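# Residue-level structural notes
What follows is each chain in one-letter form.
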Amino acid sequence: MKKALFWILLLLLFSFALFYFWERTNENCSPLFEQRVRLPENLPVGDTAFLPTLSKGNLQNRKYYTFSYSDSDRLTEWVAYELTKEELVKNAKRSDRFKKDPNIAGGVISKDYKNSGYDRGHLAPAGDMSFAGKAMDESFFMSNIAPQVPAFNRGIWKHLEEWTRECVRTNGTVYIVTGAVWDSTSERMEPCSVPVPDYFYKILFDTGNPSKGMIVFYMPNKPLQNSIFDYVITVDSLENLTGIDYFSQLPDSLEDALEAVVMTSLWR
């Protein structure tokens, strides 16, 4: 009897040790993660610090963000910029004046969305660009707009944008990449024949605290009732889905470590 009790206690001790090790290596524990990677003293900063590669488009620069635009589909595949806590001020009112991007030839116009059944969905949100009048104006260029299902745009996507700004208020500086995902089989918005993205994503990278990792939200363009955290994936997974390389400017060891894990609890 005593021998059986000994083996039971030993098994329980082993199970506890295994569970503790797993907890120390999962998303909730940054100390072990920090030991796995060597964090550089200074990371690049600014709106162009961590531009993704191009898959469908060509690089376009605006004063407050950079994006990749597909001339053939007349749609932007990603927008990238750095947002700081100091920029979360409302110096400019939301204009709601959607206008053609003067630097994009043959792009869509606001009227193309009339009676389409889709919202004019921002990639770089107007709420992120309220710190300056020009930034607000640029956010309403049609090159920064993609067709979104109304319930998606006004529901979970709006919540994600608001949550992102709260992250910036808390962390100070966050690098943001927002993108649309579509292919040749995607539905087209008539009569302008612009693809309706099947998915949208948003990547956040706390450049002031790289050990916190990156968080990616990948959401289908449809009405969603779940929590935003139900749509979290790794950067590695997103790269496989889009064919785009994100954060290639980081040292390889750091990039590999950051992109392979999801430390959601550190972002909540």
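What you see as residue numbers is a count from 1 along each chain, following the sequence as written. Local features are withheld for residues below a pLDDT of 70 in this predicted model, meaning they are given only at 70 or higher, and side-chain atom pairs are given and counted only at 80 or more; totals for whole chains, interfaces and linings count all residues. Hydrogens and water molecules were not included; the side-chain quantities draw on all heavy atoms of the structure.

### Let's talk about the overall build of the chain
Cut-off, in case you're wondering: Each helix is a run of DSSP H or I of at least 4 residues and each strand a run of E of at least 2, with the numbering of both proceeding from the N terminus. Between buried and exposed lies partly exposed: a residue is buried under 20% and exposed over 50% of the maximum accessible area for its type, with that area taken using a 1.4 Å probe on protein chains only. Throughout, a contact is declared for two residues whenever any of their heavy atoms are within 4.5 Å. Reported accessibility uses the Shrake-Rupley method at a 1.4 Å probe radius. Residues are deemed covered only where the shown protein chains occlude them.
When helices and strands are tallied, the chain shows 7 helices and 11 strands. Buried positions account for 52% of the 268 residues belonging to the chain. Restricting the contact set of the chain to residue pairs at least 6 apart, pairs at least 24 apart contribute 68%. Carbon and sulfur atoms make up 53% of the accessible area of the chain, which totals about 13300 Å².

### Describing the confidence of the model for the chain
In plain terms, the rule: How sure the predictor is of each residue is captured by pLDDT, a score from 0 to 100.
Residues at a pLDDT of 70 or more form 84% of the chain, whose mean pLDDT is 87. Here residues 17-32 is a poorly scored stretch, pLDDT under 50, and it has 15 contacts once near neighbours within four places are set aside; other chains count.

### Side note on unusual backbone geometry
Backbone torsion omega between Glu190 and Pro191 reads 5 degrees, so that peptide bond is classified as cis. Inspection of the secondary structure puts Pro191 in the loop between β7 (188-189) and β8 (194-195). A positive phi angle, close to 60 degrees, is found at Asn115, a residue other than glycine. Looking at the element boundaries, Asn115 is found in the loop between β3 (75-84) and β4 (119-122). Overall, the relative accessible area of 75% leaves Asn115 in the exposed class.

### Side note on the pattern of salt bridges
Once the charged atoms of two side chains with opposite charge are near each other, the side chains can pair. Note the following rule: By definition here, a salt bridge exists when the distance from a side-chain nitrogen of Lys or Arg to a carboxyl oxygen of Asp or Glu is within 4 Å.
Inspection of the entire model under this criterion finds 8 salt bridges. Here Glu166 and Arg169 are joined by a salt bridge, their closest N and O atoms 2.7 Å apart. Of this pair, Glu166 and Arg169 both sit in helix α5 (residues 156-171), 3 residues apart, which is roughly one turn of the helix. For Glu166, a relative accessible area of 42% translates into the label partly exposed.

### Observations concerning the environment of His122
To be explicit about the condition: Polar contact is the term for a pair of N or O atoms within 3.5 Å; when the atoms are in protein, one must be able to donate a hydrogen and the other to accept it, and sequence-neighboring residues count only if both atoms are side-chain atoms.
Residue placement: His122 occurs in strand β4. As for His122 and Lys158, which are separated by 36 residues in sequence, their C-alpha atoms are 9.9 Å apart. Apart from residues no more than four positions distant in its own chain, His122 is found in contact with Arg94, Phe98, Ser139, Phe140, Asn144, Ile145, Trp157 and Glu161. A polar atom in the side chain of His122 sits 3.2 Å from the backbone oxygen of Ser139.

### Structural notes on empty space enclosed by the protein
As a reminder of what qualifies: Using only the protein atoms, space was sampled on a 1 Å grid; points where a 1.4 Å probe fits but cannot get out form cavities, open sets with protein on both sides within 12 Å along at least five of seven lines form pockets, and lining residues are those with an atom within 4 Å of a point. Grid points are joined across faces, edges and corners, and a volume is the space filled by probe spheres set on the points. Just so you know the grouping, Ala, Val, Leu, Ile, Met, Phe, Trp, Tyr, Cys and Pro go in nonpolar, Asp, Glu, Lys and Arg go in charged, and all remaining residues, Gly too, go in polar.
Within this structure, the stated rule accounts for 1 cavity of 30 Å³ or more. One number sums up the size of the largest cavity: a volume of about 40 Å³. Tyr69, Lys100, Asp101, Ile104, Gly107, Val108, Met142 and Ser143 together form the lining of the largest cavity. Looking at side-chain class alone, the lining of the largest cavity contains 4 nonpolar, 2 polar and 2 charged residues.

### Structural notes on the packing of aromatic side chains
Note the following rule: The rule is short: rings of Phe, Tyr and Trp, with Trp giving its six-membered ring, pair when the centres are within 6.5 Å, and they are stacked under 30 degrees, edge-to-face over 60, tilted in between. Criterion for a charge above a ring: Arg CZ or Lys NZ at most 6 Å from the ring centre, at most 35 degrees from the ring normal.
If you walk through the whole model with that rule in mind, you get 17 aromatic pairs. With centroids separated by 5.3 Å and ring planes inclined at 85 degrees, the aromatic side chains of Phe50 and Tyr175 adopt a geometry described as edge-to-face. You can see Phe50 sitting in the loop between α2 (30-36) and β1 (58-61) and its partner Tyr175 sitting in strand β6 (residues 173-181), a full 125 residues away along the chain. A centroid spacing of 5.9 Å and a plane angle of 50 degrees characterise the contact between Tyr65 and Phe67, whose relative ring orientation is tilted. Here Tyr65 and Phe67 have matching classes, each one buried. Above the plane of the ring of Trp182 lies Lys56, whose end atom (NZ or CZ) is 5.1 Å from the centre.

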